[in-house]
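Okay, here's what each chain looks like letter by letter:
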Amino acid sequence: MKVLVTDPISDAGLDVIRDAGHEVVTDYESEGSDLLNAVADANALIVRSGTDVTKEVLEAASELVIVGRAGIGVDNIDIDAATDQGVIVANAPEGNVRAAAEHTVAMAFAAARSIPQAHARLKTGEWAKGEYLGTELNGKTLGIVGLGRVGQEVAKKLDSLGMDLVAFDPYISEERAEQIGAELADLETVLGRADVLTIHTPLTPETEDMIGEAELAEMEGGYVVNCARGGIVDEPALAAAVEDGIVAGAALDVFAEEPLSADSPLLDVEDVTVTPHLGASTEAAQENVAVSTAEQVVAAFEGEPVMNALNAPSIDESAFPRVEPYIELAETAGKIAVQLLDSRVESVEISYEGDIAEEDVEIVTASALKGVFQPLEWQVNAVNAPRIAEQRGIGVSETKRRQAEDFQSLVTVTVSDGEEAIGVCGTLFADDDARIVRVDGYRVDAIPGGKMMVTRNTDEPGVIGHIGTVMGKYDVNIAGMFNARETDGGEALTVYNVDQEVPRGAREELESDPRIIETKYISLNG
Ligand SMILES: NC(=O)c1ccc[n+]([C@@H]2O[C@H](COP(=O)([O-])OP(=O)(O)OC[C@H]3O[C@@H](n4cnc5c(N)ncnc54)[C@H](O)[C@@H]3O)[C@@H](O)[C@H]2O)c1
Ligand SMILES: O=C(O)[C@H](O)COP(=O)(O)O
């Protein structure tokens, strides 16, 4: 597999990919059409914040399985477009949290003690000792916007330095905030009380320009530190607020446009400190995120769970070994069911009985949907199958029952066109040996194979022999079969494993016999 890496990541991550036998291509320069060419045959793309993974880039990457973000922020990746294309997007949300929090604390001190300004003066030979009277953080109030991983780490560090904590985060519980020692308040209150305001939200439509002129006006001389994302703070408004003394100073690591333009008004204001997006730039953080991202890329190639996937069904790592064998079984049942129905699918029901009903089966359900949509869509996988169902207005339901008649676990996929419903039920025997044990209400014992045929016929002597003769005439070898019937002499259903595709002519000839009600050829490949 080819892994294209378009932003610098630690060698430790590249080694993980190479050690797993994959090819690494680094290309930190390509932009525009060059990037589109570079990504065309890539199976994975690894980026940091320097590459915009747009819809256009994703569409040019027809072989792509996963986009790995070696870091936290994914605002540079069109996750919706990736989902539509069935491409996993995964980030590394833990590895650089400490580095980002430490940089935030460093920036708070830099601003409160004018370290960069004094440093620059001294470098030019000026001993400006009398000009800098800093602010002590001890005993002051820290206002935190966004009390997630980085926000909490910053809270912990600055709490230990004697700051009082007040936070704005509508998506965190009072209980969690209390554990951290932070008082939750609305944004206006936080702005009004903060001696130092630190920002730690993602960039979303809701947070874009969240701190503008009006918000900055609420601050009474405090400092603003943004090491989260550019675009959350209105840069011209911040430059003006610092210039006018409404805000005592600011320290920014991130900008609406990166690299920051030399024309930015921020650069003209003495008390604005800037760093070029260095929050995650420590050796430890870079190793952490690169290894975590590389491991997820390798896992995606091997069909294993991608732990930090942002657009794929969630998986509990410890439960995965119990759930994994059912992923393929559900897909197979979905494929068989939809080919037996052979008409427009209106709804899909996936039922779990027995031990499997105790598990988190989100990925199994997604896989069943993948099986249902496989014959319809050219690129369906567990990432985009739920989305395809939603877009097509196909109802999806999941049921669970702790008891399973005669079996330890059963997974049934039932597809319906609104009038007719066909259910295909599978189980696993010892060594995860897959068996189809019920088809449309008939009890069978069929081994799912690449090519199958299902017939409905009257249960009378000579029918199966006739089917064998016709198959032979068309050079189709029957590798195995299972016959099931409701009542002696009634209707029967037979599942055949065949070595060759059953041609339409063979099926027409079979169906021309009044004893054969219906034949369906099923391909599980593709
Ligand atoms: N400068 C860097 O190099 C660097 C390094 C790491 C992370 N980051 C950035 O820091 C930010 C935080 O990362 P994280 O890992 O803590 O993310 P996180 O998801 O753990 O936390 C984000 C928090 O923001 C809160 N939030 C979301 N919308 C909000 C809103 N409208 N108002 C208030 N709160 C809101 C969420 O509830 C959550 O608690 C991200 O933008 C990330 O990209 C930057
Ligand atoms: O979101 C992040 O992880 C940080 O902003 C780091 O970005 P970077 O990997 O481009 O340094």
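Rules behind the numbers
- The residue numbers shown here count from 1 along each chain, following its written sequence.
- Working convention: letters from A go to chains and numbers from 1 go to ligands, in the order in which they are written.
- Given that this is a predicted model, residues contribute local features only at a pLDDT of at least 70 and side-chain atom pairs are listed and counted only at 80 or more, while totals for whole chains, interfaces and linings are drawn from all residues.
- Strand pairing follows a simple DSSP-based rule, namely that at least 2 bridges must link the two strands.
- Here a strand is any run of E in DSSP of at least two residues, a helix any run of H or I of at least four, and the numbering for each starts at the N terminus.
- UniProt positions are given in the numbering used here, feature names are shortened, and annotations may be inferred rather than shown by experiment.
- The criterion for a residue being near a molecule or strand is simple: its C-beta atom, placed using the backbone, must lie within 6 Å of it.
- For this classification, the nonpolar set comprises Ala, Val, Leu, Ile, Met, Phe, Trp, Tyr, Cys and Pro, the charged set comprises Asp, Glu, Lys and Arg, and every other residue, Gly included, is treated as polar.
- Each domain's extent was defined by an automatic or database domain assignment.
- Helix axes are fitted to C-alpha atoms over the stretch in contact, other axes to C-alpha atoms as well, and angles between N-to-C directions run from 0 to 180 degrees.
- Roughly parallel refers to an angle under 35 degrees, roughly antiparallel to one over 145, roughly perpendicular to one between 65 and 115, and oblique to any angle outside these ranges.
- By definition, turning the near helix anticlockwise from the far helix through less than a right angle yields a left-handed crossing, and turning it clockwise yields a right-handed one.
- Contact between two residues is assigned whenever their backbone-derived C-beta positions fall within 7 Å.
- How far a helix is expected to stretch is found by multiplying one less than its residue total by 1.5 Å.
- One confidence number per residue, pLDDT, is output by the predictor and ranges from 0 to 100.
- Remark: nonpolar core denotes a set of buried Ala, Val, Leu, Ile, Met, Phe, Trp, Tyr and Cys residues whose joining runs through C-beta atoms within 7 Å.
- Buried residues are those with 20 or more other C-beta atoms within 10 Å of their own C-beta, exposed residues have 12 or fewer, and partly exposed residues lie in between; C-beta atoms are placed from the backbone.
- To be clear, the arc concerns the directions from the helix axis to the C-beta atoms.

A.B. asks: In this structure, what is going on with the pairing of strand E17 (residues 433-439)? I would like to understand it.
C.D. replies: Strand residues, when the strand is regular, have side chains that alternate between the two faces of the sheet. Pairing analysis gives 6 bridges linking strand E16 (residues 421-429) to E17, with the strands arranged antiparallel. Counterpart to Phe429 in the pairing with E17 is Asp433. The turn linking E16 back onto E17 is made up of 3 residues, and Asp431 within it adopts a positive phi angle of 60 degrees. With 3 bridges joining them, E17 and strand E18 (residues 442-446) adopt antiparallel strand pairing. Bridged to Val439 within E18 is Tyr442. Between E17 and the antiparallel strand that follows it, E18, lie 2 residues; Asp440 among them carries a positive phi value of about 50 degrees.

A.B. asks: Before we go on, may I ask you to explain the UniProt feature "domain: D-isomer specific 2-hydroxyacid dehydrogenase NAD-binding" (unreviewed entry) in the chain in this structure?
C.D. replies: The residues that UniProt annotates with the feature "domain: D-isomer specific 2-hydroxyacid dehydrogenase NAD-binding" (unreviewed entry) are residues 105-279. Segment residues 105-279 splits into 32% helix and 16% strand. End C-alpha atoms: 11 Å apart.

A.B. asks: I'm lost on unusual backbone geometry in this one. Help?
C.D. replies: Most peptide bonds take the trans form, and the phi angle of most residues other than glycine is negative. Residue Pro259 is bonded to the preceding Glu258 through a cis peptide linkage, with omega at -5 degrees. Note that Pro259 resides in the loop between strand E11 (249-252) and strand E12 (272-274).

A.B. asks: What exactly am I supposed to notice about the site of ligand 2 here?
C.D. replies: Taken together, Arg48, Ser49, Gly50, Gly71, Ile72, Gly73, Asn96, His277, Gly279, Ala280 and Ser281 make up all the residues around ligand 2. Residue composition of the shell around ligand 2, grouped by class: 2 nonpolar, 8 polar and 1 charged.

A.B. asks: Is there a simple way to think about the site of ligand 1 in this case?
C.D. replies: Among the 32 residues in the neighbourhood of ligand 1, the closest are listed as Gly73, Gly146, Gly148, Tyr171 and Gly279. Going through the elements one at a time, helix H5 (97-112) and helix H7 (149-159) are the ones with two or more residues in the shell around ligand 1. Among the elements that make up the shell around ligand 1, the one with the highest residue count is H7 (3 residues). Classifying every residue of the shell around ligand 1 gives 16 nonpolar, 11 polar and 5 charged. Three or more residues apiece are contributed to the shell around ligand 1 by two domains, here domain 1 (2-93 + 284-301) and domain 2 (97-274).

A.B. asks: It is not clear to me how the packing of H5 against H7 should be interpreted in this structure. Could you clarify?
C.D. replies: It is the contact of H5 with H7, at a shortest axis distance of 9 Å, that shows an interaxial angle of 50 degrees. Judged on the interaxial angle alone, H7 and H5 are oblique. Read as a crossing pair, H5 and H7 show a hand that is right-handed. Here Val97, Arg98, Ala100, Ala101, Thr104 and Val105 of H5 come into contact with H7, specifically with Arg149, Val150, Glu153, Val154, Lys157 and Leu158. For the contact of H5 with H7, the per-class residue count stands at 7 nonpolar, 1 polar and 4 charged.

A.B. asks: I would appreciate a short explanation of the domain arrangement of the chain in the present structure.
C.D. replies: One frequently used descriptor of interface size is the decrease in accessible area upon assembly of the parts. By domain assignment, the chain separates into domain 1 (2-93 + 284-301), domain 2 (97-274) and domain 3 (320-523). For domain 1 and domain 2, the distance between their C-alpha centres works out to 31 Å. Each residue belonging to the side of domain 1 that touches domain 2 can be placed in one class, and the counts come to 3 nonpolar, 1 polar and 1 charged.

A.B. asks: Help me understand the UniProt feature "domain: D-isomer specific 2-hydroxyacid dehydrogenase catalytic" (unreviewed entry) in the chain in this model?
C.D. replies: UniProt marks residues 3-311 with the feature "domain: D-isomer specific 2-hydroxyacid dehydrogenase catalytic" (unreviewed entry), using the numbering shown here. In the segment residues 3-311, helix accounts for 36% and strand for 15%; the C-alpha atoms at its two ends are 20 Å apart.

A.B. asks: Looking at this model, I keep getting lost on helix H13 (residues 320-341). Mind explaining?
C.D. replies: Since one α-helical turn is 3.6 residues long, residues separated by three or four positions face the same way. The terminal C-alpha atoms of H13 lie 31 Å apart, and with 22 residues this matches the ideal 32 Å at 1.5 Å per residue to within 8%. Asp342 occupies a position one or two residues after H13 and carries a positive phi of about 55 degrees.

A.B. asks: Hey, could you run me through the confidence of the model for the chain in this one?
C.D. replies: The predicted structure's coordinates, where accompanied by low pLDDT, should not be read in detail. Per-residue confidence for the chain gives a mean pLDDT of 94, with 100% of residues at or over 70. As a predicted assembly, this complex carries a pTM of 0.84 together with an ipTM value of 0.99.

A.B. asks: I keep staring at the nonpolar core and nothing clicks. Help me out?
C.D. replies: Soluble globular proteins tend to bury their nonpolar side chains together. Ranked by size, the top nonpolar core spans 151 residues in total, and within it Leu45, Ile88 and Ala337 carry the most contacts. The element best represented in this core is H13, accounting for 10 residues. Ignoring anything within four residues of it in the chain, the contact list for Leu45 reads Leu4, Thr6, Val39, Val53, Ala61, Leu64 and Val67.

A.B. asks: Would you take a moment to explain the sheet that holds strand E21 (residues 491-498) for this structure?
C.D. replies: Across a sheet, paired strands are connected by hydrogen bonds in the backbone, their directions being either parallel or antiparallel. Across the sheet, 4 strands lie side by side as E20-E21-E19-E22; this open sheet has antiparallel pairing. A strand with exactly one partner marks an edge of an open sheet, and here the two such strands are strand E20 (478-485) and strand E22 (516-523). Taken pair by pair, the neighbouring strands of this sheet meet at an average axis angle of 15 degrees, ignoring direction. The sheet contact formed by strand E19 (residues 451-458) and E21 spans 7 bridges and is antiparallel. Within the sheet, the bridge partner assigned to Met453 lies in E21 and is Tyr496.

A.B. asks: Please explain the pairing of E21 as it appears in this structure.
C.D. replies: Where burial is concerned, most of E21 is hidden: 6 out of the 8 residues are buried. Here E20 pairs with E21 via 7 bridges, running antiparallel. Note that in E21 the partner of Phe482 across the bridge is Val495.

A.B. asks: What is the right way to read helix H2 (residues 32-39) from this model?
C.D. replies: Turning to H2, its buried residues number three or more, namely Leu35, Ala38 and Val39. Summarising the axial view, the buried residues of H2 lie within an arc of 90 degrees, below the 170-degree limit, and thus occupy one face. For H2, the exposed residues lying more than 90 degrees away from the buried face are Ser33 and Asn37. In this structure, the buried side of H2 is in contact with strand E1 (2-5), strand E3 (44-47) and helix H3 (55-60).

A.B. asks: Could you clarify how one ought to interpret the sheet that holds E3 in this entry?
C.D. replies: Strand order across the open sheet formed by 5 strands is E2-E1-E3-E4-E5, with parallel pairing between neighbours. Each edge of the open sheet carries a strand with a single partner, namely strand E2 (23-26) and strand E5 (88-91). The mean angle between the axes of side-by-side strands here comes to 20 degrees, regardless of whether they run parallel or antiparallel. Where E3 meets strand E4 (residues 66-69), 4 bridges bridge the pair, whose relative direction is parallel. From the neighbouring strand, Leu45 faces E4, where its bridge partner is Val67.

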